[in-house]
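Descriptive analysis of the structure
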Amino acid sequence: MTKKITAAITAVGGYAPEDVLSNFDLEKMVDTNDEWIRTRTGISERRILKGEGKGTSDLAVPAIQILLDKRGISAEEIDCLIIATVTPDMVFPATANIVCHKLGAKNAWGFDLEAACSGFLYALTTGAALIESGRYKKVVVCGADNMTSIVDYSDRNTCILFGDAAGAVLLEPNTEGYGVQDSLLRSDGSGADFLYMKAGGSRRPASVETVMNKEHYAFQEGPSVFKFAVKGMADISAELLEKNNLTGDDIAWLVPHQANLRIIDATANRMGLPKEKVMINIQKYGNTTAATIPLCLYEWRNQLNKGDNIVLAAFGGGFTWGATLVKWAL
Ligand code: UT7
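Residues numbered from 1 in each chain as written. Predicted model: local features only at pLDDT ≥ 70, side-chain atom pairs only at ≥ 80, totals over all residues. Heavy atoms only, no water.

**Considerations on the state of the cysteines**
Taken as a whole, this structure holds zero disulfides when the rule is applied. There is no disulfide at Cys 159, and the cysteine sulfur nearest it, in Cys 117, is 17 Å away. According to the relative accessible area criterion, Cys 159 is buried, its value standing at 0%. (Disulfide = S-S within 2.5 Å. Buried < 20%, exposed > 50% of the residue type's maximum accessible area, 1.4 Å probe, protein only.)

**Details of the site of the ligand**
The full set close to the ligand counts 25 residues, and Thr 32, Arg 40, Arg 156, Asn 260 and Asn 287 are the nearest of them. Thr 32 places a polar side-chain atom, nitrogen or oxygen, 2.6 Å from a nitrogen atom of the ligand. In isolation the ligand has 950 Å² of accessible area, and contact with the protein removes 74% of it. Residue assignment for the shell around the ligand shows that the elements contributing at least two residues are α2 (34-41), α6 (156-159), α8 (222-243), α9 (261-271) and β12 (309-316). The leading source of residues in the shell around the ligand is α8, at five residues. Among the residues making up the shell around the ligand, the classes are represented as twelve nonpolar, nine polar and four charged. (Near = heavy atom within 4 Å. Polar contact = N/O pair within 3.5 Å; in protein donor to acceptor, adjacent residues only side chain to side chain. Areas by Shrake-Rupley, 256 points an atom, 1.4 Å probe, with all protein chains shown as cover. Helix = DSSP H or I, 4+ residues; strand = E, 2+ residues; numbered from the N terminus. Nonpolar A, V, L, I, M, F, W, Y, C, P; charged D, E, K, R; others polar.)

**Thoughts on the environment of Leu 240**
Of note, Leu 240 is situated in helix α8. Take Leu 240: its relative accessible area is 1%, and that puts it in the buried class. For the pair Leu 240 and Leu 184, spaced 56 residues apart in the sequence, the C-alpha separation amounts to 6.7 Å.

**Topic: the domain arrangement of the chain**
Under the domain assignment, the chain is made up of domain 1 (6-178) and domain 2 (181-327). The C-alpha-based centres of domain 1 and domain 2 are spaced at 14 Å. If you look at the interface, domain 1 gives 49 residues, while domain 2 gives 46 residues. Summing both sides of the interface, domain 1 and domain 2 together bury roughly 3,700 Å²; the carbon and sulfur share of this comes to 64%. Ranking the residues of domain 1 by area buried against domain 2 places Cys 117, Leu 121 and Tyr 178 at the top, with a combined share of 18%. (Domains from an automatic or database assignment. Contact = heavy atoms within 4.5 Å. Buried area = accessible area lost by both parts, 1.4 Å probe.)

Below, the structure is given as structure tokens:
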């Protein structure tokens with residue numbers, strides 16, 4: 001009897017640019033202060049990508065290169081690359097195409113996937129399905145966002161939140177049951193008006209007026225999103241545990257999207273997890289949208305053990321949200 005194929009994570013990579021923007025730097029730019037930012041969000045500093053002509057592909061390429069080096073394979077072995085992002089290099093072509101070219105992934109096809117802060121979970125679930133189908137052997141799933149390219153540094157409601165980074169995982173077939181076990185993903189477009197970019201899409205194309213009105217920046221009605229996020233991320237994570245007959249005791253790590261420390265705490269409490277089992281690096285990077293979860297996996301890679309049950313959870317623009325259960329294979 002042929003064994004069921006699961007999609008195991010066989011390598012991880014991550015990258016955050018060197019330049020740091022601290023809360024104290026922001027104090028000089030807008031009416032805010034370090035204490036407010038830390039107590040309301042958990043953030044102390046974030047990384048920013050500097051340099052004319054640089055974009056999300058410049059974050060994704062080094063993250064994926066680390067992963068290839070760790071696995072000891074060349075880019076030509078990649079079958080497919082999925083990049084989750086809301087800040088593509090250009091509206092089109094897809095950033096995945098550009099990244100494949102920069103890496104020399106000549107045999108890969110690829111595409112961008114947009115699900116805001118849940119983008120990595122959507123992409124991981126999609127990539128896992130490609131592996132489970134038996135058709136593909138090496139799928140790279142990357143979450144990358146150059147958020148500072150769409151942040152209004154005169155708006156204290158949003159500019160304190162976001163940073164730039166990328167993280168990536170390699171998925172390969174496994175017949176011993178390791179890898180992606182289950183995923184619960186949701187979306188609700190009635191949340192679109194709470195977190196979005198007002199112009200630059202087909203509904204409201206770019207014009208002098210839209211630029212003057214600052215409509216090409218990320219707009220967020222923070223408290224409304226907060227309310228939905230606290231409930232959405234905690235509920236879906238609890239549902240995932242229940243569906244798989246697990247309790248907090250069975251979970252080695254929670255890997256939450258890093259939008260706000262208070263949302264992370266609420267999710268961990270709901271799952272019955274102590275803080276020691278929760279990956280938190282929001283203080284260093286802020287909210288890097290699709291990159292938060294894979295960047296955590298990269299930073300914690302040496303603390304993860306083969307067989308660990310890991311829950312990845314996110315909530316973000318769309319609204320989109322979800323939780324994914326992974327059995328660590330490394
Ligand atoms: O990742 C995608 C999903 N996004 C999220 O999950 C984010 C969800 N939302 C949040 O995390 C929070 O709503 C924020 C961190 C964005 C804001 O925190 P909050 O506790 O909801 O604050 P608020 O917007 O209700 O503002 C409270 C007060 C207001 O002053 P008044 O009206 O009480 O006098 C704001 O004007 O804090 C003021 N304020 C600030 N003060 C200093 C807002 N931003 C700042 C600031 N510095 N940067």
